[in-house]
Amino acid sequence: MRTVLSVCAVVALLCLVMASPAPAMDGNEILKKVDEVQSASKDSVGNVTMTLVDKGGQTKERTMKVWRRHYKDRDDWSVLKFTAPADIRNLGFLSLADDKMYLYLPAFDRVRRIASHARKESFAGSDLSNDDLSTGKYSSHYDARTSKEEGGVYVLDLKRKPSSERIYPRVIAWVNKKDFTVSRMELYDDGNKLWKSSEIKNEQVQGYWTPMEIRMTDVTKSHTTIMKITKIEYDKNLEDSIFTERYLKRSVKGD
Amino acid sequence: MQRVTLPAWILCCTLLMLVCAPGLRAEDEAAFKVDLRGDIKFFGSAFTEDNPDDEFEPHEAGDYNLTRGELHLKLDGYISENVSYKSLLYFTYGVRQVPGDIEKLQVDEGGTAEADEMETEIKEASFTLMDFGAPGLDLTVGRQRARWGTSDEYNVIDNLNPVDFGNLYTFDPDYFVAHLPMDGFNLEYRLPTDTTLRVQAVYFFSFKPSTLPASFQARSTALMQDRLEDLTEGYGFPAGTAAIVLDDPPDYSVGDGPVGLRVSGNLLNMDWGLSYYHGYVSLPVVHRIESDIGIDTGATLTSYLDYPKLDVVGFDLAGEVESVGIWAEVGCYWPEDYRVRQTTRFLATTETKYVRLFDRPYYKYTVGFDYTFGLGNGLYWNTQFNHGYYDEFRYTAEAKEELGLGGAGFMGDLENYLASRIEYSFFNDELTAILDGLLEMPELSDISGNSAVVIKPKLIYKPYDNTSLELAYVLITGDRSTKYGAFDRKDVVYTLLKVHF
C-alpha cells in the first residue's frame, strides 16, 4: 500500500513538473533572437522604394539598390546606391561598421569618410535617420526587458547602453513570439517623448523573414516614410569587392 | 514548289529572329544600357554696393558680376560587366546678349548673328577596365579627374589636375576649388588580401596650366608698371611700359605630363594615404625680367613667365575620434631650383643678376573636423584650418626683397585660413540654411591688423525632387592688401538655379 502511494506521489509530482510552463525568456534573450532572425541569411541584394509623405499628402519617391552581408558576431556590411531621382542617382553609402562609413558624392566623384555623428542626420530627407539604417545589432546597443506580453507578442522596453551612441535612448518593440520578427516600434527622444513610430510587415522570402514594408512616422512633424522592398534575393555569395569604395563609385545599373 | 519555299524560308527566318531576339536582348540588356542624365543650371551674381573707382572692375550696386547658363550632359554605361564608360559634356553660355560690337549683331551667311556666346567643353570622357589583367586592377583611360586627399573641401595634396582659378573668384559654388580635367591613364590596384589597401599610379599625357582669374594680366601688368615707376622715379626718363609675357611653357611631349603614385589603406580605423606627385607648378611664375632704359625712349620692363617643375610628397589621414570626424593633410613641396634672371640694359652696359625664387622645401597643410549636434534634425558644424592655398608659394627673402614678390594676394606667400560652416535642414531637407565663414590671416602674429573675413549666409531650397534654388550673400571685408580683402566693396548676392534630369 505504501509502495502504491509512493509511486502515485512520484507520478503526480512528475505530472506537475511537466505541466508547468517553461520559464519566460529574458528580454535580452528575445532581443538576441530578433538579431538572429534579421541576420539569418548570409547576404542579400534587393531593390527598395522609399516614399515620403508629408502632412498634406504630397509624396516624393526615392529608389535604391541595397547589398548586405550579415555577420553574427559583428556589424553587418552594407552598400546602398540610389537609382532615382536624378539628382541623387548613384549617390552611395557604404557601411562597414558603426564608426566606419563612406559616402560617395557623384557630383564631385569623390568618396568621403563620414563619422558616426552623421547617424543623427536624416537619411535622404526621410523620417529615417542614418541611425535607423545602421548595420549594428540591437543587442549590442540596447538592454531589453520584457514589459508585457500581448497575446502572441512580447513587448520589449529597450534602454540604450551607456557605451552606445545610438540616437534613441529608449525604444519599445513588439516582437512576435512565433518567429521573433518585429512588427511595431516606438522610438523616444532624450526627453522620453515619443518621437517616431514604425509599423513593419514581415514576409518570408526564400525561408527568411523579411521586413517587406516599413512605415515610419515622425509624430512631431506628421510626416511618414514608407520603405518597400520590391525585390530581394538571399545567399548570393556576394563578393568582398562589393563592399569597397571602388564599388561604391561604380554607376548603378538600374533595374 | 519553289514559289512556296522562298516565302516559307523568309517567314521561318523572320519567326526565328523574333523568337531569339528577346533572348539576345535580355542577355545584353544590362550591358548596353546607357544612362543619360544631366542638369540645366543658371548662375547670376550682382554687386550690392557702388564702387565706381575700382581700378579693374568699376561697378555700381545692381550691376551684374557674372551671369551664366549651363547645360551638363552625362552619359554613362557598361559595355560589359567589366568595362564601363563615363562622359560629361558642358555647354556654357553667357546670358548677356547685347555685344558691344556692331559686327557681332550682323547676320552671317548662315543666317545667325553672333550675339550669344557659348562654349563647349568635354569635361570627362573615359572608360574603365575593371579586373584588367588581374583581379582588383582597374585601368581608367581618357579625360578624367584624379582626386587625391581625404580632407573635406581643401586638399593640399590634390595636384594632379590643375585648379580652375578662372572660376574660383566668381563665387559660383559649383566651381569652388574646381580642377580641370586631364587626359591620361589611371591605374588602381586593390590588394585581394586586404580590401582597403590600394596602390594608384596616374600618368597624364601632357602638361596643362591652370586657368587664371579674369583680371590677372591687368593686375600683373599694373604691378609691373608700379615697379617700373618706382625704379625710374627721379631720373627724369620718359614714362615707360611694362608687360608680362608667357615664355617657353612645357613641351607637348611624353616626358612633360604629370605623374603620381599613391598608396592608401586603413589602420586602426583611420584612412591614410601616402602620395608622390611629379609635374609642374600649374601657375605661371616669373622666370626672367628684362628692363631696357633709354634716355629718350624711357624704360621698358618685360616679365617673362614660365612653369617650374614641382615634386610633392603628401600624407593624408581621415577618421573619427569620439564620433567627431577628423582629417589632416600635409604636403612637402619641392619646386625645382628656380632662379629668376634679371637683366638691365642702360646705355652700353648690361647688368645681370639671379634671384632664387622659392624656398625649398616648403609645407602646406590642413586639419579639420566635423560634428553633428543632436539638435532637432541635427546641426552640422565643419571647421578647417589651412596653411598655404593652391596659388601660394614660399618665396625666398631675396625674391621678396628684389622682385617685390610674396605678400598677400593672388600667387602670394603662404597664408593661413580658418574656414567654418554650420548647416541646418528644415522640412525634411527641403530647406537648408548654411552659414559659411572664412578668416584669412597672412600672419598669425598680426591677425587684427592684417586679415580679411568672408561671411556667406546661404539658403538652399528644394521644392521638388531634382530642383534646387540657392540664394546667398557674399560679404567680404578686410585689409585691401590681402587676397580676399582685395574684394572689399565687391560684395555680391548670387542665385543658383538647377534642374536635374
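## So, the overall build of chain B
- Within chain B, the secondary structure is distributed over five helices and 23 strands.
- When the 501 residues of chain B are sorted by exposure, 45% land in the buried category.
- Here the contacts in chain B between residues at least 6 apart in sequence split such that 62% fall between residues at least 24 apart.
- Roughly 25400 Å² of accessible area belongs to chain B as shown, and the carbon and sulfur atoms make up 60% of that amount.

## Points about the pattern of salt bridges
Residues and elements named next belong to chain B.
- By the definition in use, this model includes 58 salt bridges over all chains.
- One salt bridge connects Arg 37 with Asp 35, and the closest N-O pair in it is separated by 3.0 Å. Both residues of the pair, Arg 37 and Asp 35, count as buried.
- Of the charged contacts, one joins Asp 413 and Lys 400 as a salt bridge, the two residues approaching to 2.8 Å between their closest N and O atoms. Here Asp 413 is found in the loop between helix H5 (397–403) and strand S19 (416–426), whereas its partner Lys 400 is found in helix H5, with 13 residues between them in sequence.
- Asp 413 sits in the buried class, given a relative accessible area of 8%.
- Looking at Lys 400, the relative accessible area reads 32%, which means it is partly exposed.
- What you see here is one network of salt bridges that share partners, running through Lys 41, Arg 68, Glu 70, Asp 172, Asp 174 and Lys 498.

## A closer look at the interface of chain B and chain A
- Tallying the contact residues gives 51 residues for chain B and 41 residues for chain A.
- Buried surface at the junction of chain B and chain A, summed over both partners, amounts to about 3900 Å²; 38% is from carbon and sulfur atoms.
- On inspection of chain B and its partner chain A, the count reaches 10 salt bridges.
- Residue A:Glu245 is joined to B:Arg198 by a salt bridge in which the shortest nitrogen-to-oxygen separation is 3.7 Å.
- The tally of links from chain B across to chain A stands at 27 residue pairs in polar contact (both at pLDDT 80 or more).
- Broken down by secondary-structure element, the contributors of at least two residues to the side of chain B that touches chain A are strand S1 (34–47), strand S2 (64–80), strand S10 (270–280), strand S13 (309–321), strand S14 (324–335), strand S17 (362–373) and strand S18 (379–387) of chain B.
- A per-element tally of the side of chain B that touches chain A places S17(B) first, with four residues.

## Concerning unusual backbone geometry
- Here A:Ala84 and A:Pro85 are connected by a cis peptide whose omega angle stands at 0 degrees.
- In this fold, A:Pro85 is placed in the loop between strand S3 (77–84) and strand S4 (92–97).
- For the bond from B:Arg360 to B:Pro361, the omega torsion is -10 degrees, close enough to zero to count as cis.
- As for its placement among the helices and strands, B:Pro361 is situated in the loop between strand S16 (349–356) and S17.

## Here we look at the sheet that holds strand S8 (residues 241–246) of chain B
All names here are of chain B.
- Taken in spatial order, the five strands line up as S8-S12-S11-S15-S16 in an open sheet, and their pairing is mixed. Only two strands of the sheet have a single neighbouring strand rather than two, namely S8 and S16. For this sheet, the mean angle separating the axes of adjacent strands, direction not counted, is 15 degrees.
- Looking at chain direction, S8 and strand S12 (residues 298–306) are connected through six bridges and run parallel. Each residue of the ladder has a partner; that of Ala 242, found in S12, is Leu 301.
- Relative to S8, helix H4 (residues 216–232) is tilted by about 135 degrees, and along the sheet it contacts S8, S12 and strand S15 (339–346).

## As for the environment of B:Pro457
Residue and element names in this part refer to chain B.
- Mapped onto the fold, Pro 457 is located in strand S21 (residues 452–461).
- Sequence separation between Pro 457 and Tyr 473 is 16 residues, and the spatial gap between their C-alpha atoms is 5.8 Å.
- With sequence-adjacent residues up to four places away left out, Pro 457 is seen in contact with Ile 434, Leu 435, Leu 471, Ala 472 and Tyr 473.

## Digging into the nonpolar core
- Ranked by internal contacts, the top residues of the largest apolar core, which has 61 residues, are B:Leu357, B:Tyr389, B:Phe393 and B:Tyr484.
- The contact partners of B:Tyr389, leaving out residues within four places of it in the chain, are B:Tyr154, B:Leu168, B:Phe176, B:Val177, B:Lys364, B:Tyr417, B:Lys483 and B:Tyr484.
- Ranked by size, the runner-up nonpolar core spans 44 residues in total, among them A:Ile30, A:Phe93, A:Val175 and A:Leu187.

## Some details on a nonpolar patch on the surface
Residue and element names in this part refer to chain B.
- Among the surface-exposed residues, Ile 422, Leu 435, Ile 455, Leu 459, Leu 471, Tyr 473, Leu 475 and Val 493 lie close enough to one another that they form a single nonpolar patch of about 600 Å² accessible area.
- Broken down by secondary-structure element, the contributors of at least two residues to the nonpolar patch are S21 and strand S22 (467–478).
- Take the nonpolar patch: its biggest share by element is three residues, from S22.
- Turning to its location among the elements, Leu 471 is positioned in strand S22.

## A word on the confidence of the model for chain B
- Here chain B averages 86 in pLDDT, while 89% of its residues score no lower than 70.
- Interface scoring of the predicted complex returns ipTM 0.84; its pTM is 0.86.

## Some thoughts on the pairing of S22(B)
All names here are of chain B.
- Relative to S22, S21 runs antiparallel, the two being bridged by eight bridges. Within S22, the residue paired with Lys 458 across the bridge is Ala 472.
- Connecting the antiparallel pair S21 and S22 is a turn made up of five residues, with Asn 466 showing a positive phi of about 70 degrees.
- Note that S22 and strand S23 (residues 492–500) share eight bridges and pair antiparallel. If you follow Leu 471 over to S23, its bridge partner there is Thr 495.

## Remarks on the environment of B:Gly407
All names here are of chain B.
- Looking at the element boundaries, Gly 407 is found in the loop between H5 and S19.
- Note on Gly 407: relative accessible area 43%, which makes it partly exposed.
- Once the C-alpha coordinates of Gly 407 and Leu 496 are considered, the two residues, 89 residues apart in sequence, prove to be 34 Å apart.
- Other than its neighbours up to four places away in sequence, Gly 407 contacts Gly 412 and Asp 413.

## A word on the packing of aromatic side chains
- Taken as a whole, this structure holds 31 aromatic pairs over all chains when the rule is applied.
- Taking 5.5 Å as the distance between ring centres and 85 degrees as the angle between the ring planes, the aromatic pair formed by A:Trp67 and A:Tyr247 counts as edge-to-face. Here A:Trp67 is found in strand S2 (residues 59–69), whereas its partner A:Tyr247 is found in helix H4 (residues 245–248), with 180 residues between them in sequence.
- Arranged with centres 5.6 Å apart and planes meeting at 65 degrees, the rings of B:Tyr389 and B:Tyr390 form a pair that is edge-to-face. There is no split in this pair, since B:Tyr389 and B:Tyr390 are both buried.
- One aromatic cluster in this structure is built from B:Tyr154, B:Tyr389, B:Tyr390 and B:Tyr417.
- The ring of A:Tyr188 is capped by A:Arg170, whose NZ or CZ atom sits 4.8 Å from the centre of that ring.
- Note that A:Lys177 overlies the ring of A:Tyr154, its terminal NZ or CZ placed 5.3 Å from the centroid.

## Describing the environment of B:Gly260
All names here are of chain B.
- Take Gly 260: it is sitting in strand S9 (residues 259–267).
- Judged by relative accessible area, Gly 260 falls into the buried class, the value being 7%.
- With 92 residues separating them along the chain, Gly 260 and Thr 352 place their C-alpha atoms 37 Å apart.
- Not counting chain neighbours up to four residues away, the residues in contact with Gly 260 comprise Trp 148, Leu 160, Gln 200, Ala 201, Val 202, Tyr 276 and Tyr 277.

## A short note on the side chain of B:Ser126
- Structurally, the position occupied by B:Ser126 is in strand S4 (residues 118–129).
- With residues near it in sequence (within four places) discarded, B:Ser126 still touches B:Ser84, B:Tyr85, B:Lys86, B:Thr140, B:Val141, B:Gly142 and B:Arg143.

## A short note on helix H2 (residues 27–38) of chain A
Residue and element names in this part refer to chain A.
- Here H2 contains 12 residues, and its C-alpha end-to-end distance of 17 Å stays within 8% of the 16 Å for a straight helix at 1.5 Å per residue.
- For H2, the complete set of buried residues consists of Gly 27, Ile 30, Leu 31, Val 34, Asp 35 and Val 37. Looking straight down H2, one finds that the buried residues subtend no more than 165 degrees of arc, so they occupy a single side.
- N-capping of H2 is provided by Asp 26, with a side-chain oxygen placed 3.2 Å from the backbone N of Asn 28.

About the criteria used
- Residues numbered from 1 in each chain as written.
- Chains lettered and ligands numbered in written order.
- Predicted model: local features only at pLDDT ≥ 70, side-chain atom pairs only at ≥ 80, totals over all residues.
- Heavy atoms only, no water.
- Helix = DSSP H or I, 4+ residues; strand = E, 2+ residues; numbered from the N terminus.
- Buried < 20%, exposed > 50% of the residue type's maximum accessible area, 1.4 Å probe, protein only.
- Contact = heavy atoms within 4.5 Å.
- Areas by Shrake-Rupley, 256 points an atom, 1.4 Å probe, with all protein chains shown as cover.
- Salt bridge = Lys/Arg side-chain N within 4 Å of Asp/Glu carboxyl O.
- Buried area = accessible area lost by both parts, 1.4 Å probe.
- Polar contact = N/O pair within 3.5 Å; in protein donor to acceptor, adjacent residues only side chain to side chain.
- Pairing = 2+ DSSP bridges.
- Axes fitted to C-alpha atoms, helices over the stretch in contact; angles between N-to-C directions.
- Core = buried A, V, L, I, M, F, W, Y, C linked by side-chain atoms within 4.5 Å.
- Patch = residues over 30% accessible without salt bridge, like charges linked within 9 Å, V, L, I, M, F, W, Y side chains within 5 Å.
- pLDDT = per-residue confidence, 0-100.
- Phe/Tyr/Trp six-rings, centres within 6.5 Å; stacked < 30°, edge-to-face > 60°.
- Lys NZ or Arg CZ within 6 Å of the ring centre and 35° of its normal.
- Expected span 1.5 Å × (residues − 1).
- Arc of directions from axis to C-beta.

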